[in-house]
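# Summary of structural features
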Amino acid sequence: HVTTGTEAGMELLARKQTQWGVTGGAFPLDDPKGLQPFLQTKPGAFLALETELWPNLLRELQRCDVPRLIVNGRLTARSLERGGPWMRRAASRLSMVAARDSESAERFRRLGAPRVDVGGNLKADLPAPAALHDGWKVLRRAWAEAPILVAGNTVEGEERAILTLWQRLREDFPSLRLLLAPRQPRRFEEVARLFSEAGLAFHRASQPWPDESDFWASREALLLDTLGELPSAYGEGTVALVGGGWGWHGGHNPLEPVRWGLPTFVGEGYTNFEDLVKPLREAGLLRVASFEALEQALVEQLRDAALRPGLGPAPSLPASLEGSLARTLALIEPFLPLPGKTEGTP
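To keep things clear, this report deals only with the structure shown in the data block. (Residues numbered from 1 in each chain as written. Predicted model: local features only at pLDDT ≥ 70, side-chain atom pairs only at ≥ 80, totals over all residues. Heavy atoms only, no water.)

## Thoughts on empty space enclosed by the protein
Summed over all chains, the structure comprises one cavity of 30 Å³ or more. Its boundaries defined by the atoms lining it, the largest cavity holds a volume of some 40 Å³. Surrounding the largest cavity, V242, G243, G245, G251, H252, V266, G267, Y270, F273 and V277 form its lining. Tallied by class, residues from the lining of the largest cavity come to five nonpolar, five polar and no charged. (1 Å grid on protein atoms, 1.4 Å probe; cavity = no way out; pocket = protein on both sides within 12 Å on 5 of 7 lines; lining within 4 Å. Points joined across faces, edges and corners; volume = space filled by probe spheres on them. Nonpolar A, V, L, I, M, F, W, Y, C, P; charged D, E, K, R; others polar.)

## Describing the packing of aromatic side chains
Summed over all chains, the structure comprises seven aromatic pairs. Each ring, one from W136 and one from W209, has its centre 5.0 Å from the other, and the planes form 40 degrees; the classification is tilted. Separated by 73 residues along the polypeptide, W136 in helix α7 (residues 136-142) and W209 in the loop between β9 (202-204) and α10 (213-217) bring together distant segments of the chain. Overall, the relative accessible area of 17% leaves W209 in the buried class. Members of the aromatic cluster, each reached through a chain of ring pairs, are W136, W209, F215 and W216. The residue whose ring lies beneath R100 is F273, and the NZ or CZ to ring-centre distance is 5.3 Å. (Phe/Tyr/Trp six-rings, centres within 6.5 Å; stacked < 30°, edge-to-face > 60°. Helix = DSSP H or I, 4+ residues; strand = E, 2+ residues; numbered from the N terminus. Buried < 20%, exposed > 50% of the residue type's maximum accessible area, 1.4 Å probe, protein only. Lys NZ or Arg CZ within 6 Å of the ring centre and 35° of its normal.)

## What to know about the sheet that holds strand β13 (residues 287-288)
Here we have seven strands laid out as an open sheet, ordered β9-β10-β8-β7-β11-β12-β13, and parallel in their pairing. Looking along the sheet, the strands with just one partner apiece sit at the ends: β9 and β13. Examined bridge by bridge, strand β7 (residues 148-154) and strand β11 (residues 239-242) share four bridges and lie parallel to one another. Its bridge partner being in β11, A151 is matched across the sheet by L241. (Pairing = 2+ DSSP bridges.)

## Thoughts on the sheet that holds strand β3 (residues 46-49)
Spatially, β3-β4-β5-β6 is the arrangement adopted by the four strands of the open sheet, whose pairing is parallel. Two strands close off the open sheet at either side, each with one partner strand: β3 and β6 (116-118). Sheet twist, expressed as the mean angle between neighbouring strand axes with direction ignored, is 20 degrees. Across four bridges, strand β4 (residues 68-73) lies against strand β5 (residues 96-99) in parallel orientation. (Axes fitted to C-alpha atoms, helices over the stretch in contact; angles between N-to-C directions.)

## As for the packing of helix α8 (residues 158-169) against helix α14 (residues 291-304)
Where α8 meets α14, the axes come as close as 11 Å, and the angle between the chain directions of the two elements is 40 degrees. By the angle between their directions, the pair α8 and α14 is classed as oblique. Relative to α14, the crossing made by α8 is right-handed. Residues A161, I162, L165, R168 and L169 of α8 lie in contact with α14, whose contacting residues are F291, L294, E295, L298, V299 and L302. Among the residues forming the contact of α8 with α14, the class breakdown is nine nonpolar, no polar and two charged. (Parallel < 35°, antiparallel > 145°, perpendicular 65-115°, else oblique. Left-handed = near helix turned anticlockwise from the far one by under 90°. Contact = heavy atoms within 4.5 Å.)

## Topic: the pattern of salt bridges
Using the criterion set out here, one finds 15 salt bridges in the structure. Where R109 meets E106, a salt bridge forms, and the shortest distance between an N and an O atom there is 3.5 Å. One end of the pair is R109 and the other is E106, both in helix α6 (residues 102-111) and three residues apart, which spans about a single turn. Using a relative accessible area of 40% as the deciding quantity, one classes R109 as partly exposed. A salt bridge links R187 to E190, with the shortest nitrogen-to-oxygen separation between them at 3.2 Å. When salt bridges that share partners are traced, they join E50, R74, R100 and D275 into one network. (Salt bridge = Lys/Arg side-chain N within 4 Å of Asp/Glu carboxyl O.)

## Quick look at the environment of E322
Along the chain, E322 turns up in the loop between α14 and α15 (324-332). For the pair E322 and G120, spaced 202 residues apart in sequence, the C-alpha to C-alpha distance is 8.5 Å. Those residues within four positions of E322 in sequence are excluded, and the remaining contacts are L317 and R327.

## Quick word on the nonpolar core
Counting residues in each nonpolar core, the largest one holds 33 residues, and the members touching the most others are W136, L179, L222, L224 and L280. Elements with a minimum of two residues in this core: α7, β7, β8 (177-182), α11 (230-233), β11, α12 (255-258) and α13 (274-282). Look past the residues within four positions of L280 in its chain and what remains in contact with it is P254, L255, V258, L285, L286, L317, P318 and L321. Residues L149, W166, W246 and L298 belong to the second largest nonpolar core, which totals 29 residues. (Core = buried A, V, L, I, M, F, W, Y, C linked by side-chain atoms within 4.5 Å.)

## Describing helix α5 (residues 85-92)
If you check which residues of α5 are buried, you get M87, A90 and A91. Buried residues of α5, viewed axially, fall in a sector of 95 degrees; they line one side. Contact partners of the buried residues in α5: α3 (55-63), α4 (77-82) and α6. (Arc of directions from axis to C-beta.)

Read these as geometric descriptors, not functional statements.
Structure below.
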């Protein structure tokens, strides 16, 4: 049973439930009445991602003797400092934490989690993204000779700055196209207005895709206002910007474009992804740049980069980023119920 706490997560779950073969719904309110229906059928185990320390739920799960596990566990220094007695009590009720890096593991131990080990970052072991729909073939042909700047997971303030930067880059690279994907669906309309106010000839990916090459040849930009397409869309690009680090929001996953072999840049505010940025940077697969230094870095990169690095062989990732799924599974497997043994099942 898969739960989520966001509107975007609910929309994705509604589309994927049948494909995944799961039940699902909203995460319950963390109070006795909210938890009653959630626990009506006793779970075989409870797995939370990253830092979901819900005190009432963990207390009730412990009372019911349900294993309580955190995978991809992430705990920042700030969260540790701000964690009061309630957070420490919640952590003390965890059966196992499979942390994503050694720093997070140590912080969970200091918080009072009784059993902690390093499983690795599960984002490093995601399966290959799904292929893009057939409409992309026409765009691909129309933009075949043009370099493409892909800006993904951008946050408020970054889109305007990236748009200004892209317009300056076109002075040196007149055919440069822009593919931009805001992080939050609620901001799609806002970014579309920004594109319109800038006078861009652009198309929204959520709208019907024209089947004419002439239409796409006349488009300067694509606003990727859909869910789930960005990991594959990076493969259409020449160079990638991963947002969240220039707006100091902690950054976002840089592995998505790096897996395609794209020259990739992130901002200096990447604190939520330090465990990925450090090894990728050391391997020469990722660059960190302030926004002031980004224009010159992109000019140099666009002069030398292949038009479509994603068509070449995928780069080898650092060894420290391999095998996280297998390590995590080995850590949590002893706590998982045997098939057919969960209460309420035959």
